[in-house]
Amino acid sequence: MAFDPADRYRLSPRVGLRPEPFGALAYHYDTRRLVFLKSNDLVALVRSLEQHDSAAAAIDALVDPATGRRSVYVTALASLCESGVVEPLLEPAA
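Here is what the cut-offs are and how they apply
Residues numbered from 1 in each chain as written. Predicted model: local features only at pLDDT ≥ 70, side-chain atom pairs only at ≥ 80, totals over all residues. Heavy atoms only, no water. Helix = DSSP H or I, 4+ residues; strand = E, 2+ residues; numbered from the N terminus. Rg over C-alpha atoms; globule rule 2.2 N^0.38 Å. Buried < 20%, exposed > 50% of the residue type's maximum accessible area, 1.4 Å probe, protein only. Pairing = 2+ DSSP bridges. Salt bridge = Lys/Arg side-chain N within 4 Å of Asp/Glu carboxyl O. Core = buried A, V, L, I, M, F, W, Y, C linked by side-chain atoms within 4.5 Å. Contact = heavy atoms within 4.5 Å. Patch = residues over 30% accessible without salt bridge, like charges linked within 9 Å, V, L, I, M, F, W, Y side chains within 5 Å. Areas by Shrake-Rupley, 256 points an atom, 1.4 Å probe, with all protein chains shown as cover.

J.: Explain the overall build of the protein here, please?
T.: Scanning the protein from N- to C-terminus turns up three helices and five strands. When the helices and strands of the protein are placed in sequence order, the string is β-β-β-β-α-α-α-β. For a compact globule of 94 residues, the expected C-alpha radius of gyration is about 12 Å, and the protein comes in at 12 Å, within 12% of that figure. The 94 residues of the protein split such that 41% are buried.

Encoded structure:
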C-alpha cells in the first residue's frame, strides 16, 4: 500500500517503541524487524498520528512550514508505512 499524506495513520499496535537518546527503536512483533526513528520529533509525530485528520495535518502541527522540512517527514512516514511501523487508520478522527 502506498503512503498518502492525506490519509489517516496510526502507530501499529504490533509495534513497540523504546525511547533512545537519538529518538527510538521500533520493534515489529510480527516481522521481528527493528527500525530506527532517528529524531525525537519523528517519534512525537508517529505517536500523534492518530489524533489528526491526516498524516499531513499531523506534520503541519509539528513542523514550522518556514523550515522547509515537511518533505523530510513525509518521506520518513512513507518508509515507516512500508515497514509496518505505521498503518492506515480507517476510523474517523475523534
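J.: I keep staring at the pairing of strand S4 (residues 34-37) and nothing clicks. Help me out?
T.: Within a regular strand, the side chains alternate between the two sheet faces. The alternating pattern of S4 places Val-35 and Leu-37 on a buried face and Leu-34 and Phe-36 on a face that is not buried. Where strand S3 (residues 23-28) lies against S4, four bridges are found, and the strand directions are antiparallel. Its bridge partner being in S4, Ala-24 is matched across the sheet by Leu-37. A loop of five residues connects S3 with S4, the two strands running antiparallel in sequence, and Arg-32 in this loop sits at a positive phi of about 60°.

J.: I keep staring at the pattern of salt bridges and nothing clicks. Help me out?
T.: On inspection of all chains with the given rule, the structure shows five salt bridges. The partner of Asp-30 in a salt bridge is Arg-14, and the shortest N-O contact between them spans 3.1 Å. Note that Asp-30 is positioned in the loop between S3 and S4 and Arg-14 in the loop between strand S1 (9-11) and strand S2 (15-20), a separation of 16 residues in sequence. The class for Asp-30 is exposed, based on a relative accessible area of 52%.

J.: Looking at this structure, I do not really get the nonpolar core. What am I missing?
T.: Buried together is how nonpolar side chains tend to be arranged in soluble globular proteins. Membership of the largest hydrophobic core comes to 25 residues, with the highest contact counts inside it found for Leu-37, Leu-42, Leu-45, Leu-49, Leu-77 and Leu-80. Of all the secondary-structure elements, those providing two or more residues to this core are S2, S3, S4, helix H1 (40-48), helix H2 (55-62) and helix H3 (70-82). Beyond its immediate stretch of four places on either side in the chain, Leu-80 contacts Val-35, Leu-37, Leu-42, Val-46, Val-85 and Val-86.

J.: How should a nonpolar patch on the surface be read in this particular structure?
T.: Where nonpolar side chains cluster on the molecular surface, the patch consists of Phe-22, Tyr-27, Tyr-29, Leu-34 and Phe-36 and spans about 500 Å² of accessible area. Inspection of the secondary structure assignment puts Tyr-27 in strand S3.

J.: Would you take a moment to explain unusual backbone geometry for this structure?
T.: In most cases, non-glycine residues show a negative phi, while peptide bonds are predominantly trans. We note that Arg-32 has phi near 60°; this positive angle belongs to a residue other than glycine. Residue Arg-32 is classed as exposed on the basis of its relative accessible area of 65%.

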